[in-house]
Amino acid sequence: MRGISFWFFGLAVLCALIGMGWGIQMSATHNHDLSPAHAHLNLIGWVGFAIAGFYYHLVPAAADHWLARVHFGVAVLGLVLIVPGIVQALQQTGETLAKAGSVLTLVSMVIFAVTVVKTRAS
Ligand code: HEM
Ligand code: HEM
């Protein structure tokens, strides 16, 4: 695995490490207040990025296209905004980051959808 597949998969593993550490910290402190933020770091970061990494590994034509790099950039930006954004929303200190991160995460999936359709015959 190399190139964009490696970057997606490597970041997915990093998200899992941080997300699981966060889960253990929540369990140990008996404070589950931020569990939706932990959940989405794992679900979008670990699960979503790992699936993208596998797809780009299996479909090299998709990985070689410039759209894959745009997908990666938008997806990473979405994740780094949505996770602290959920924390802020839960703590009722603002919703701007959560909104921006949500829209970027959706846009990244639209870009991926275009790639999947474009490379369907690969
Ligand atoms: C070492 C690994 C993990 C630990 C110790 C852990 C721990 C926790 C804890 C303590 C909660 C709060 C439960 C509650 O309040 O009812 C939670 C919620 C959750 N976790 Fe994890 N977790 C881990 C890994 C994962 C992974 C890998 C995923 C997803 C792929 C995940 C997804 C979720 C979801 C969806 C919730 C529910 C969130 C919510 O209720 O708002 N967790 N986890
Ligand atoms: C733009 C991306 C996303 C947004 C804006 C979003 C938003 C939300 C919101 C607002 C909730 C309710 C939280 C609560 O009641 O505390 C939720 C719950 C949940 N989401 Fe997402 N979500 C996104 C992506 C995903 C993805 C990709 C997955 C799975 C792969 C996922 C799995 C879940 C699950 C399992 C729950 C329920 C957790 C629980 O039991 O509290 N979400 N999401």
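Calculation criteria
In this numbering scheme, every chain counts its residues from 1 along its sequence in written order. Labels are handed out in written order, letters beginning with A for the chains and numbers beginning with 1 for the ligands. The predicted origin of the model limits local features to residues at a pLDDT of at least 70 and limits the giving and counting of side-chain atom pairs to 80 or more, whereas totals for whole chains, interfaces and linings rest on all residues. Each side-chain value is derived from all of the structure's non-hydrogen atoms; neither hydrogens nor water enter the calculation. Coordination shells were defined by N, O and S atoms within 2.8 Å of each metal, extended to 3.2 Å for Na, K and Ca; water is absent from the atom set, which can make sites look incomplete. Helix and strand definitions follow DSSP, with helices as H or I runs of at least four residues and strands as E runs of at least two, each counted in order from the N terminus. Note on definitions. A residue lies near a molecule or strand when any single heavy atom of the residue is within 4 Å of it. Contacts described as polar in this section are N or O atom pairs within 3.5 Å, which, within protein, must combine one atom able to donate a hydrogen with one able to accept it, while residues neighboring in sequence count only if both atoms come from side chains. Asp, Glu, Lys and Arg are counted as charged, while Ala, Val, Leu, Ile, Met, Phe, Trp, Tyr, Cys and Pro are counted as nonpolar; the rest, among them Gly, fall into the polar class. UniProt positions are given in the numbering used here, feature names are shortened, and annotations may be inferred rather than shown by experiment. Patch criteria: residues need more than 30% relative accessible area and no salt bridge. Like-charged residues are merged within 9 Å; nonpolar side chains of Val, Leu, Ile, Met, Phe, Trp and Tyr are merged within 5 Å. Here the open area of atoms and residues is found with the Shrake-Rupley method and a 1.4 Å probe, where only the protein chains shown may cover a residue. Salt bridges, as used here, are contacts in which a Lys or Arg side-chain nitrogen is within 4 Å of a carboxyl oxygen on Asp or Glu. Burial classes follow relative accessibility: with a 1.4 Å probe on protein chains only, a residue under 20% of its type's maximum area counts as buried, one over 50% as exposed, and anything between as partly exposed. Only heavy atoms enter the contact rule, under which two residues are in contact if any of them lie within 4.5 Å.

Participant: Hey, could you run me through the coordination of the iron atom of ligand 2 in this one?
Facilitator: Exactly one donor from the protein chain reaches the iron atom of ligand 2: His40 (NE2), at 2.1 Å. In this structure, histidine 40 sits in helix 2 (residues 35–58).

Participant: Whenever I open this one, the site of ligand 2 confuses me. Can you help?
Facilitator: Surveying the vicinity of ligand 2 reveals the residues Pro36, His40, Leu43, Ile44, Ser102 and Thr105. The side chain of histidine 40 places a nitrogen or oxygen atom 2.8 Å from a nitrogen atom of ligand 2. Residue assignment for the shell around ligand 2 shows that the elements contributing at least two residues are helix 2 and helix 5 (96–118). In terms of residue count, the dominant contributor to the shell around ligand 2 is helix 2 (four residues). Across the shell around ligand 2, the residue classes tally to three nonpolar, three polar and no charged.

Participant: What is the right way to read the site of ligand 1 from this model?
Facilitator: Surrounding ligand 1, one finds 13 residues, the nearest of these being Ser27, His32, Ser35, Pro36 and His38. Histidine 32 places a polar side-chain atom, nitrogen or oxygen, 2.7 Å from an oxygen atom of ligand 1. Contacts to ligand 1 include serine 35, whose side-chain N or O atom sits 3.4 Å from an oxygen atom. No other element matches helix 2, which puts seven residues into the shell around ligand 1. Residue composition of the shell around ligand 1, by class: seven nonpolar, six polar and no charged.

Participant: I tried to follow the UniProt feature "transmembrane region" (unreviewed entry) in the protein on my own but got confused; where do I start?
Facilitator: Residues annotated by UniProt as "transmembrane region" (unreviewed entry) correspond here to residues 39–58, 70–90 and 96–117. A helix fraction of 100% and a strand fraction of 0% characterise residues 70–90, whose end C-alpha atoms lie 30 Å from each other. Regarding residues 96–117, the helix share stands at 100% and the strand share at 0%, and the terminal C-alpha atoms are separated by 32 Å.

Participant: Hey, could you run me through a nonpolar patch on the surface in this one?
Facilitator: Together, Val13, Leu14, Leu17, Ile18, Met20, Leu43, Trp46, Val47 and Ile51 make up an exposed nonpolar region whose accessible area comes to about 820 Å². If you list the elements that add at least two residues to the nonpolar patch, you get helix 1 (3–29) and helix 2. Counting residues per element, the nonpolar patch draws most heavily on helix 1, which supplies five residues. The exposed category is assigned to leucine 17, whose relative accessible area is 59%.

Participant: Would you mind showing me how to read the side chain of asparagine 42 here?
Facilitator: By secondary structure assignment, the location of asparagine 42 is in helix 2. On the accessibility criterion, asparagine 42 (12% relative accessible area) is buried. When residues no more than four places from it in sequence are discounted, the contact partners of asparagine 42 are Cys15, Ala16, Gly19, Met20 and Val47.

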